[in-house]
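These are the residues of each chain, in order.
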Amino acid sequence: MSVRVVLLGPPGVGKGTQGRRLAAQHRWALISTGEILRDAVARRSPLGLEARQQMEQGLLVADDVMIGLVHDRSAEQDASAGFVLDGFPRTVPQANALDSMLQSRGQRLDAAVGLEAPREELVRRLSARRECPLCKRAYNLITAPPLNDEECDDHPGTRLTQREDDKEETVRRRLEVYERQTAPLLDYYRGQGRLRSVPATGPVDDVYHSLSQALGC
Ligand code: AMP
């Protein structure tokens, strides 16, 4: 059975961590638009050059760019068995485009999961967030630290890095942008009867358990 799921929620709520795990367990593709963009910025590709400034300022990249990107990525072979979208859609036009894209392929979105956590918790998590530059595995220096200093458990000797946009001022901007442009999507999916809300505080395993239950998988 192929399943298509959208993970919604503010920056720092755990979409990447939970999405990665969900995709790995079910062999669905993980489509993380933030990760694709960061990769493009690092490679200085045309997409990266276009997106870089917006990302650094904590603002959204243009809808048409993001819609084109997801259109192409979701048509790749590994996504035919299902996918988890992390970071897309982020605006109502993106959500509309996703619906029409799937409809034109005779597919549909199975669920939109809204992960929820209080704002102070998000700021705390984002400032302690680190990632492995090689495998992108996520760590949190307070709640999920690596075994050894600030090195990746899976890549000994590789120092964890902090995302440029996890610095305090940009974090504040990203949370505002979320409230203004992305939070309305909760109502969008609620109105269609497709929203499943999942509390995302507490240990990663507990959140994953609630998420799996909400999806019935
Ligand atoms: P994320 O890793 O999901 O927090 O995304 C990092 C940054 O990439 C965001 O702050 C935006 O600048 C950009 N971005 C990622 N996904 C989208 C999207 N669906 N629409 C617009 N901008 C996006």
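Going by the structure above, here's the rest.
Residues numbered from 1 in each chain as written. Predicted model: local features only at pLDDT ≥ 70, side-chain atom pairs only at ≥ 80, totals over all residues. Heavy atoms only, no water.

Draft legend 1. Summary view of the overall build of the chain. Broken down by element type, the chain carries 9 helices and 7 strands. Taken against the 2.2 N^0.38 rule, which gives 17 Å for 217 residues, the C-alpha radius of gyration of the chain at 17 Å falls within 12% of a compact globule. Counting across all 217 residues of the chain, residues that qualify as buried make up 45%. Residue pairs in contact within the chain that sit at least 24 positions apart in sequence constitute 70% of those at least 6 positions apart. Of the roughly 11100 Å² of accessible surface on the chain, a fraction of 48% belongs to carbon and sulfur atoms. Across the chain, 30 positive and 31 negative side-chain charges occur, with their mean positions spaced 2 Å apart. (Helix = DSSP H or I, 4+ residues; strand = E, 2+ residues; numbered from the N terminus. Rg over C-alpha atoms; globule rule 2.2 N^0.38 Å. Buried < 20%, exposed > 50% of the residue type's maximum accessible area, 1.4 Å probe, protein only. Contact = heavy atoms within 4.5 Å. Areas by Shrake-Rupley, 256 points an atom, 1.4 Å probe, with all protein chains shown as cover. Lys, Arg positive; Asp, Glu negative; His and termini not counted. Charge placed at Lys NZ, Arg CZ, Asp CG, Glu CD.)

Draft legend 2. Expanded view of the pairing of strand 4 (residues 111-116). With 5 of 6 residues buried, strand 4 is to be regarded as a mostly interior element. In this structure, strand 1 (residues 3-8) lies alongside strand 4, joined through 4 bridges in parallel fashion. When the bridges of strand 4 are listed, Val-5 appears paired with Ala-111. The sheet contact formed by strand 4 and strand 7 (residues 195-199) spans 5 bridges and is parallel. When the bridges of strand 7 are listed, Leu-115 appears paired with Val-198. (Pairing = 2+ DSSP bridges.)

Draft legend 3. Geometry of the nonpolar core. In terms of nonpolar packing, the biggest core is built from 26 residues, with Leu-85, Leu-98 and Tyr-189 touching the most fellow members. Counting only elements with at least two residues in this core, the list comes to strand 1, strand 2 (29-32), helix 3 (46-56), helix 4 (63-73), strand 3 (82-86), helix 5 (92-104) and helix 8 (184-191). With residues up to four places along the chain from it excluded, the contact list for Tyr-189 reads Leu-8, Pro-89, Ala-95, Leu-98, Leu-109, Ala-112, Arg-194 and Leu-195. Of all hydrophobic cores here, the second largest spans 22 residues; its members include Val-13, Leu-22, Ala-23 and Trp-28. (Core = buried A, V, L, I, M, F, W, Y, C linked by side-chain atoms within 4.5 Å.)

Draft legend 4. Quick peek at the state of the cysteines. Applying the stated criterion across every chain, the model contains 0 disulfides. Not part of a disulfide, Cys-152 finds its nearest cysteine sulfur in Cys-132, a span of 3.6 Å. (Disulfide = S-S within 2.5 Å.)

Draft legend 5. Fine view of the packing of helix 7 (residues 168-182) against helix 8. It is the contact of helix 7 with helix 8, at a shortest axis distance of 5 Å, that shows an interaxial angle of 35°. Across the interface between the two elements, Tyr-178, Glu-179, Arg-180, Gln-181 and Thr-182 from helix 7 touch Pro-184, Leu-185 and Leu-186 from helix 8. Per-class residue counts for the contact of helix 7 with helix 8 are 4 nonpolar, 2 polar and 2 charged. (Axes fitted to C-alpha atoms, helices over the stretch in contact; angles between N-to-C directions. Nonpolar A, V, L, I, M, F, W, Y, C, P; charged D, E, K, R; others polar.)

Draft legend 6. Quick peek at the pattern of salt bridges. On inspection of all chains with the given rule, the structure shows 21 salt bridges. With a closest N to O distance of 3.7 Å, Glu-164 and Lys-167 form a salt bridge. What makes Glu-164 exposed here is its relative accessible area of 54%. Salt bridges sharing common partners tie together Arg-129, Arg-163, Asp-165, Asp-166 and Arg-174. (Salt bridge = Lys/Arg side-chain N within 4 Å of Asp/Glu carboxyl O.)

Draft legend 7. Broad picture of the side chain of Arg-4. With respect to the helices, strands and loops of the structure, Arg-4 is situated in strand 1. The residues touching Arg-4, leaving out its near neighbours within four places in the chain, are Phe-83, Leu-102, Gln-107, Arg-108, Leu-109, Asp-110 and Ala-111.

Draft legend 8. Broad picture of the site of the ligand. With respect to spatial proximity, 16 residues lie near the ligand, and among them Thr-33, Arg-38, Leu-59, Gly-87 and Gln-94 are the closest. Contact distances for the ligand include 2.6 Å between an oxygen atom and a backbone N or O atom of Leu-59. Arg-163 is positioned such that a nitrogen or oxygen atom in its side chain is 3.2 Å from an oxygen atom of the ligand. Across the complex, the protein chains shield 96% of the 480 Å² of accessible surface that the ligand would expose by itself. The dominant element in the shell around the ligand, judged by the number of residues it contributes, is helix 2 (residues 33-43), at 4 residues. Looking at the shell around the ligand residue by residue, the classes come out as 7 nonpolar, 4 polar and 5 charged. (Near = heavy atom within 4 Å. Polar contact = N/O pair within 3.5 Å; in protein donor to acceptor, adjacent residues only side chain to side chain.)

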